[in-house]
Amino acid sequence: FSNGTANLFSPANSIVLNDFFARNLGRSREDTKNLIYFFGGPDVLFPNLLFPNLEKMVLVGLENPGSLLDPANLKARGLLGRKMAEISRAYVSIMKMSYYITNQMSSELQDFGTATMISVGLVANNFVIQSADRISIDESGKAYMNPNGNGVRISYKKPNGRNGEVYYFQQNLADEKLQAAPGFMRFMEQIPFDTAYYKAASYVPQMGDFNIVNNFVMNTVSHVVQNDD
């Protein structure tokens, strides 16, 4: 990152962060393999720091999934430097405040969506991207590849050789919107989630229109971790 905040992931700071998390997260730190991150946008940086055994994460937000940018294509068109600068600026809020501020992302960055942002975050954690596919969910809750789908599935390999997956869905989580997309919750019900993580938008579930996801979380997970930023 060129914004001067990459030292958050320096070895010295990583030791401090890991020590803090180990002392304050209790069993959830080691237990969490499957994570729900509602209202999370494309933030994969901090979940992977918080939960080192993470294998599957489902992120949900309102941003466009987009597609993974091709660096070689951008370089050939003379656009690589500009796009990298946009990505770097978009990460300022995450790196400095640990959460996304969607309305501060440039319009171009929002156009190419969350797939690239998620992938950059995974690479920042020294993970290797193996695949990135646009997907949809049918009414039975089954995910399938769809170039125009409202989701993206990114597979990666960790430095320790273990594999992981991130799903991101552009989905309004209000009760009325979920009732119109029943396949989404059927998809969620198939995953044995351990933990629900809330951060920047942690106030949203208290607004009264999110009974479906609130009930799902309370009846499914063993841990709820909230960052009170």
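Note that the structure is a prediction, hence the values are computed from the model and not measured.

About the thresholds
- Residues numbered from 1 in each chain as written.
- Predicted model: local features only at pLDDT ≥ 70, side-chain atom pairs only at ≥ 80, totals over all residues.
- Heavy atoms only, no water.
- Helix = DSSP H or I, 4+ residues; strand = E, 2+ residues; numbered from the N terminus.
- Buried < 20%, exposed > 50% of the residue type's maximum accessible area, 1.4 Å probe, protein only.
- Areas by Shrake-Rupley, 256 points an atom, 1.4 Å probe, with all protein chains shown as cover.
- Pairing = 2+ DSSP bridges.
- pLDDT = per-residue confidence, 0-100.
- Contact = heavy atoms within 4.5 Å.
- Axes fitted to C-alpha atoms, helices over the stretch in contact; angles between N-to-C directions.

J.: Where do I start with the overall build of the chain in this structure?
T.: Tallying secondary structure elements over the chain gives 11 helices and 8 strands in all. Taken across its 229 residues, the chain has 49% of its residues classed as buried. Here the chain has roughly 11300 Å² of accessible surface; of this, 49% comes from carbon and sulfur atoms.

J.: Which parts of the structure should I look at to understand the pairing of strand β3 (residues 128–137)?
T.: Strand residues, when the strand is regular, have side chains that alternate between the two faces of the sheet. In this sheet, strand β5 (residues 151–157) lies alongside β3 in antiparallel orientation, the contact comprising 7 bridges. Bridge pairing in β5 links Asp133 to Arg153. Direction of pairing for β3 relative to strand β4 (residues 143–145): antiparallel, over a ladder of 3 bridges. For Ser136, the partnering residue across the bridge sits in β4 and is Tyr144. Here β3 hands over to β4 after 5 residues, with Gly141 in that stretch at a positive phi of 95°.

J.: Explain the confidence of the model for the chain here, please?
T.: Reading fine detail from the predicted coordinates is not recommended where pLDDT is low. Per-residue confidence for the chain gives a mean pLDDT of 83; residues scoring 70 or more make up 81%. Note that residues 1–5 has pLDDT below 50 and, in this model, 12 contacts with residues that lie over four places away or in other chains.

J.: I would appreciate a short explanation of the sheet that holds strand β7 (residues 195–198) in the present structure.
T.: One key point about sheets: their strands pair by backbone hydrogen bonds, in either a parallel or an antiparallel sense. Read from one edge of the open sheet, 8 strands run β4-β3-β5-β6-β2-β1-β7-β8, paired in mixed fashion. Bordering the open sheet on either side are β4 and β8 (223–226), each of which pairs with just one other strand. The mean inter-strand angle of the sheet, taken between neighbouring strand axes irrespective of direction, is 25°.

J.: I keep staring at the side chain of Ser119 and nothing clicks. Help me out?
T.: Position of Ser119 among the secondary structure elements: in helix α8 (residues 114–124). Since its relative accessible area comes to 5%, Ser119 is described here as buried. Leaving out residues up to four positions away in the same chain, Ser119 has contacts with Leu68, Ile129 and Ile154.

J.: What's the story with the pairing of β5 in this structure? I'm lost.
T.: Among the 7 residues that make up β5, 6 are buried, leaving the element largely enclosed by the rest of the structure. Relative to strand β6 (residues 163–170), β5 runs antiparallel, the two being bridged by 7 bridges. Bridge pairing in β6 links Ser155 to Glu165. Counting the residues that bridge the hairpin from β5 to β6 gives 5 residues, and of these Gly161 lies at a positive phi of roughly 90°.

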